[in-house]
Number of protein chains: 2
Amino acid sequence: MKSFVEYNSNSDFSIHNIPFGVAVFNKEFIACCTRIGDQVVDLALLYDLSYFDDIAGLDENVFEAYTLNEFIELGKPVTNAVRLKIQELLLDGSILSKDEKTIEDAFYDLDQVKMIMPVHIPNYTDFYSSIEHATNVGKMFRDPANALLPNWKHLPVGYHGRASSIVVSGTDINRPKGQMKPADADKPVFGPCKQLDFELEMAFIINQNTEMGENVSTKDAENAIFGMVVFNDWSARDIQSWEYVPLGPFLAKNFGSSVSPWVVTLEALEPFRTASPTQDPEVLDYLKFEGDKNYDINLEVYIQPENGEENLISESNYKYMYWNMTQQLAHHTVNGCNLEVGDLYASGTISGNDPKSYGSMLELTWRGQNPIILSNGQERKFIEDNDTVTMKAWAEKDGVRVGFGEVSGKIIPTK
Amino acid sequence: MKSFVEYNSNSDFSIHNIPFGVAVFNKEFIACCTRIGDQVVDLALLYDLSYFDDIAGLDENVFEAYTLNEFIELGKPVTNAVRLKIQELLLDGSILSKDEKTIEDAFYDLDQVKMIMPVHIPNYTDFYSSIEHATNVGKMFRDPANALLPNWKHLPVGYHGRASSIVVSGTDINRPKGQMKPADADKPVFGPCKQLDFELEMAFIINQNTEMGENVSTKDAENAIFGMVVFNDWSARDIQSWEYVPLGPFLAKNFGSSVSPWVVTLEALEPFRTASPTQDPEVLDYLKFEGDKNYDINLEVYIQPENGEENLISESNYKYMYWNMTQQLAHHTVNGCNLEVGDLYASGTISGNDPKSYGSMLELTWRGQNPIILSNGQERKFIEDNDTVTMKAWAEKDGVRVGFGEVSGKIIPTK
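Residues numbered from 1 in each chain as written. Chains lettered and ligands numbered in written order. Predicted model: local features only at pLDDT ≥ 70, side-chain atom pairs only at ≥ 80, totals over all residues. Heavy atoms only, no water.

Sorry if this is basic, but what is going on with the overall build of chain A here?
Along its length, chain A carries 10 helices and 26 strands. Whereas a compact globule of 415 residues would reach a radius of gyration of roughly 22 Å, chain A reaches 21 Å, a difference of no more than 12%. Across its three principal directions, the C-alpha atoms of chain A cover 70 × 55 × 35 Å. The buried share among the 415 residues of chain A stands at 63%. Entry remark: accessible area of chain A is about 15500 Å², with carbon and sulfur atoms responsible for 46%. A distance of 7 Å separates the average location of the 34 positive side-chain charges in chain A from that of its 61 negative side-chain charges. (Helix = DSSP H or I, 4+ residues; strand = E, 2+ residues; numbered from the N terminus. Rg over C-alpha atoms; globule rule 2.2 N^0.38 Å. Buried < 20%, exposed > 50% of the residue type's maximum accessible area, 1.4 Å probe, protein only. Areas by Shrake-Rupley, 256 points an atom, 1.4 Å probe, with all protein chains shown as cover. Lys, Arg positive; Asp, Glu negative; His and termini not counted. Charge placed at Lys NZ, Arg CZ, Asp CG, Glu CD.)

Below you can see the structure in the form of structure tokens.
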């Protein structure tokens, strides 16, 4: 497939991708959009110009909106048809390729748009589905000999997070203040977090409302997932270790989480399916699944200090996940918990076996014991003020590349 | 104060109350409303008939809505003025009392309305702020000698809950299925929950959006709280005890929570302020507060088996809370976590010292060891299918009664 829009061969936004997002165009108006190469395309205008007229079920201009929720809610038959139509329109020789007026009006350079939150997120859940991450944390915080808790291999452990503080890539994050209890103190102290961390995650977004009491099986789960984003679950480790018993992380997490602006559909990720790690012991029936439910997605994390250059500090892969998305969703709904359009379900920190693939500073520096040395000579045990953390994600196979771009955020000093 | 609407002296909905809710009137239309005695009053109609014309800041008919959010967001200067205006209009001899046509059109008997969710809840947090409850749970699940964890007296422990499954009183709740691990089993089993419980709680509702990075002090907190509801945080104890380490309760809670349809304002509760239990050790500065921040609110829990009568099984009081609302909100925002209009913050189970005041079956029957005997002779260790659990809440002092009515829910068998 070749597009009439030219782009570099290493672009995440190839003709094979066709992701969805929401942009402010020219500081003037907001609309849903897609991206090819470095061009952002106004889908609301394409709709108005009748380019989507033959798509059944697309009866109003859902792209004229501040979020993707209305579009997503139309479900796979419509959203897939729209994506394929966009792909067709972007091909060399298409009707659109010959419509110079529309190309001039609907296509924008990156610097003419500002990406905003792609979806309104009614509910956010964070899983804990990387066995390497859970093991590393268990070794550090609990018992090296019994790092995994007894339930971990029987269910995808997860917890509810805070939806209000999920922000789009590029939004600054305030270093949180809070209670911490230094190991040698007899009571807690208050102040800015001293162990600020990122968590390298991916997340999926739900396309349907279900009723309380309904279950979504592993077989039906993919049909309920519109697509994925890259996700940074910022974490305050010193606040977390003091507050988290017995009800889980709270203020250590809810000061901010960052998402990539582009949602890549499961359909675009189809070529990159791969097998899951073997699950032993065998899981209960409702968690069983058939076929390849993982995806081979390369992940990178960079730290850029103020006035310094980007330092690659982690290289991981989504395929390491022990629990896959269909299992996470089947588990989440097995008790009848209802889903809402736009719900975001994050993977939990994605770490691999190799220490270079660990998905948090906690693991990379082993709780600060082995600091990372940046290219400017500075040490990092955790994230410092004015550091920018950037995560990149892309899949590549047989010359086809589909990526997410990045999720980036800068830590600013406590007010 | 005497209203022209007659009601029993033990009504929760006296002229001193003036709560807010949302109703379907005559199966025909939805509007925000208040209640006096057994009359539900359509506020959208009163607005249209110019009864609120002199209230500054009330520039559109926010009562013509499916939720109270728009009204609440106007803030205390407006919402308090509206409440006082309604109170004035309901007095004997008021202009409204002489407007027979409006009384006929705007006042409905209880059986002509169906109450629906009063607010859209963007975010839900559950605290754990009763020392008696936390101590009881710690004794049962952990160590009787060290029942409270080290952080408990230093911060109001809390966690994020699921907003999507919060439903209004009267909505049936499905018994959840899930994983449980019987004490004598070597691996988990799957099936309907066998230890279904209620949690007697109250919750407060936020009236403002804040920015990430902002803090709400204990001094400012009450200004950010519109009012309170009675809250039943249904819990599956057997699912909970297996899943909850290390990230907290998840499927044990998110299958459903129930709220009362009436939101009682903090201003209506003003006469019932009372002192808090002494906090020892002293708390950190950001958790200090001045004045009486607790409220003396009587609480009752009833179980009604199918075809049986209501059994009073617990009598508690909101004043037992160790951590008050201003502390909960100051803690929640001290890290810069942003608030949204309609956010619901629940107290956690409210237990007193007396075993008859325990706020859950877990505590009342001490994990099933001491079953409750109902008036029909049946035993209850936990909640059975087709049992209805009802919680009532009211404050009363010097002949003034202000109450919440009830939150009620029936457990229906797993599908």
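Where do I start with the packing of aromatic side chains in this structure?
Within a pair of aromatic rings, the relevant descriptors are the distance that separates the centres and the angle that separates the planes. If you walk through the whole model with that rule in mind, you get 34 aromatic pairs over all chains. Judged by centre distance (6.0 Å) and plane angle (85°), the ring pair of A:F71 and A:F226 falls under edge-to-face. With A:F71 in helix α2 (residues 69-73) and A:F226 in strand β14 (residues 225-232), the pair connects residues that are 155 residues apart, well separated along the chain. Pair check on accessibility: A:F71 and A:F226 agree, each one buried. Relative to B:F63, the ring of B:F52 has its centre 5.5 Å away and its plane inclined at 50°; by these criteria the two rings are tilted. Of this pair, B:F52 sits in the loop between α1 (43-48) and α2 (69-73) while B:F63 is found in the loop between α1 and α2, placing the two residues 11 residues apart along the sequence. The exposure class of B:F52 is buried, given its relative accessible area of 1%. Taken together, the ring pairs connect A:F20, A:F52, A:F63, A:F71 and A:F226 into an aromatic cluster. The ring of A:F141 carries A:R367 above its face, with NZ or CZ at 4.1 Å from the centroid. Lying across the ring of A:Y302, A:K392 places its NZ or CZ 4.5 Å from the centre. (Phe/Tyr/Trp six-rings, centres within 6.5 Å; stacked < 30°, edge-to-face > 60°. Lys NZ or Arg CZ within 6 Å of the ring centre and 35° of its normal.)

Where do I start with the interface of chain B and chain A in this structure?
When the parts of a complex come together, some accessible area is lost, and that lost area is often taken as the interface size. With 60 residues of chain B at the interface, the matching set in chain A holds 60 residues. Scanning the region where chain B abuts chain A turns up 2 salt bridges. Run the count over chain B and chain A and you get 28 residue pairs in polar contact (both at pLDDT 80 or more). Where the side of chain B that touches chain A is concerned, the elements lending two or more residues are β6 (124-127), β7 (158-160), β9 (173-174), β10 (177-180), β11 (189-192), α7 (237-243) and α9 (325-333) of chain B. Among the elements that make up the side of chain B that touches chain A, the one with the highest residue count is β7(B) (3 residues). A per-class count over the side of chain B that touches chain A returns 32 nonpolar, 20 polar and 8 charged. (Contact = heavy atoms within 4.5 Å. Salt bridge = Lys/Arg side-chain N within 4 Å of Asp/Glu carboxyl O. Polar contact = N/O pair within 3.5 Å; in protein donor to acceptor, adjacent residues only side chain to side chain. Nonpolar A, V, L, I, M, F, W, Y, C, P; charged D, E, K, R; others polar.)

How do you make sense of the pattern of salt bridges when you look at a structure like this?
Any two side chains of opposite charge can pair, so long as their charged atoms come close to each other. As enumerated under the stated definition, the model contains 42 salt bridges over all chains in all. Residue B:K101 is joined to B:D105 by a salt bridge in which the shortest nitrogen-to-oxygen separation is 2.4 Å. A residue pair is termed a helical-turn pair when its members lie 3 or 4 positions apart in one helix, as B:K101 and B:D105 do in helix α4 (residues 100-106) at 4 residues. Residue class for B:D105 comes out partly exposed when judged on its relative accessible area of 29%. Here B:D233 ties to B:K253 by a salt bridge, and the two come within 3.1 Å at their closest N and O atoms. Residue B:D233 is located in the loop between β14 (225-232) and β15 (235-236), and its partner B:K253 is located in the loop between α7 and β16 (257-259); the two are separated by 20 residues in the primary sequence. Because the salt bridges share partners, they merge into one network encompassing A:D197, A:E199, A:D233, A:R237 and A:K253.

When you look at the layout of surface pockets in this model, what are you seeing that I'm missing?
Where empty space is left can be seen by rolling a probe of water-molecule size over the atoms. Here the largest pocket is characterised by a volume of approximately 930 Å³. What lines the largest pocket is a set of 37 residues, and nearest its centre among them are A:H120, A:P122, B:H120, B:I121 and B:P122. Among the elements of the structure, β8 (166-168) of chain A together with β8 (166-168) of chain B are those that each provide at least two residues to the lining of the largest pocket. A per-element tally of the lining of the largest pocket places β8(B) first, with 3 residues. Broken down by class, the residue content of the lining of the largest pocket amounts to 20 nonpolar, 13 polar and 4 charged. In this structure, the second largest pocket occupies an estimated 600 Å³ of space. In terms of lining residues, the second largest pocket is bounded by 27 residues, among which B:F13, B:R35, B:L110, B:G405 and B:E406 are the most central. (1 Å grid on protein atoms, 1.4 Å probe; cavity = no way out; pocket = protein on both sides within 12 Å on 5 of 7 lines; lining within 4 Å. Points joined across faces, edges and corners; volume = space filled by probe spheres on them.)

Hey, could you run me through the relation of the copies chain B and chain A in this one?
Both copies of the chain are tied together by a single rotation about an axis and a shift running along it. Of the two same-sequence chains, chain B is brought onto chain A (RMSD 0.0 Å, axial shift 0.0 Å) by a rotation of 180°. Classification of the inter-copy transformation places it as that of a two-fold axis. Taking C-alpha positions as the reference, the residue of chain B nearest the rotation axis is B:G248, at 2.2 Å. Looking at chain B, 100% of its interface residues are interface residues in chain A too, so the copies touch through the same face. (Least-squares fit on C-alpha atoms with pLDDT ≥ 70 in both.)

Explanation requested: helix α9 (residues 325-333) of chain A in the structure shown.
Think of an α-helix as 3.6 residues a turn; residues three or four steps apart then line up on the same face. Most of α9(A) sits inside the fold, with 9 of its 9 residues counted as buried. Inspection of α9(A) places A:M325, A:T326, A:Q327, A:Q328, A:L329, A:A330, A:H331, A:H332 and A:T333 among the buried residues, and these make up the whole buried set.

Explain the state of the cysteines here, please?
Put plainly, a disulfide is one covalent bond tying together the sulfur atoms of two cysteines. This structure, assessed with the given rule, holds 0 disulfides over all chains. This cysteine, B:C32, is not joined by any disulfide, and B:C33 carries the nearest cysteine sulfur, 7.2 Å off. Take B:C32: its relative accessible area is 0%, and that puts it in the buried class. Here B:C193 stays free of any disulfide, with the sulfur of A:C337 as its closest cysteine sulfur at 15 Å. What makes B:C193 buried here is its relative accessible area of 3%. (Disulfide = S-S within 2.5 Å.)

What should I look at first to understand the sheet that holds strand β2 (residues 29-36) of chain A in this one?
Within a beta sheet, neighbouring strands are joined by backbone hydrogen bonds and run either parallel or antiparallel to one another. All names here are of chain A. Read across the sheet, 5 strands follow the order β4-β3-β2-β1-β5 without closing on themselves; strand pairing throughout is antiparallel. Sheet topology places β4 (107-109) and β5 (113-116) at the edges, where each strand pairs with a single neighbour. Each adjacent strand pair in this sheet contributes to an overall mean axis angle of 45°, direction not counted. Bridging between strand β1 (residues 21-25) and β2 involves 5 bridges; their strand directions are antiparallel. Bridged to V24 within β2 is I30. (Pairing = 2+ DSSP bridges. Axes fitted to C-alpha atoms, helices over the stretch in contact; angles between N-to-C directions.)

Would you explain the pairing of β14(B) in this entry?
It is a general feature of regular strands that their side chains alternate between the two faces of the sheet. Residue and element names in this part refer to chain B. Burial runs high along β14: 8 of the 8 residues are buried. Sheet topology note: the strand β13 (residues 200-206)/β14 ladder contains 7 bridges and is antiparallel. For I206, the partnering residue across the bridge sits in β14 and is I225. Pairing of β14 with strand β17 (residues 264-265), which is carried by 2 bridges, proceeds in the antiparallel orientation. Each bridged residue has a counterpart across the sheet, and for M228 the counterpart in β17 is V264.

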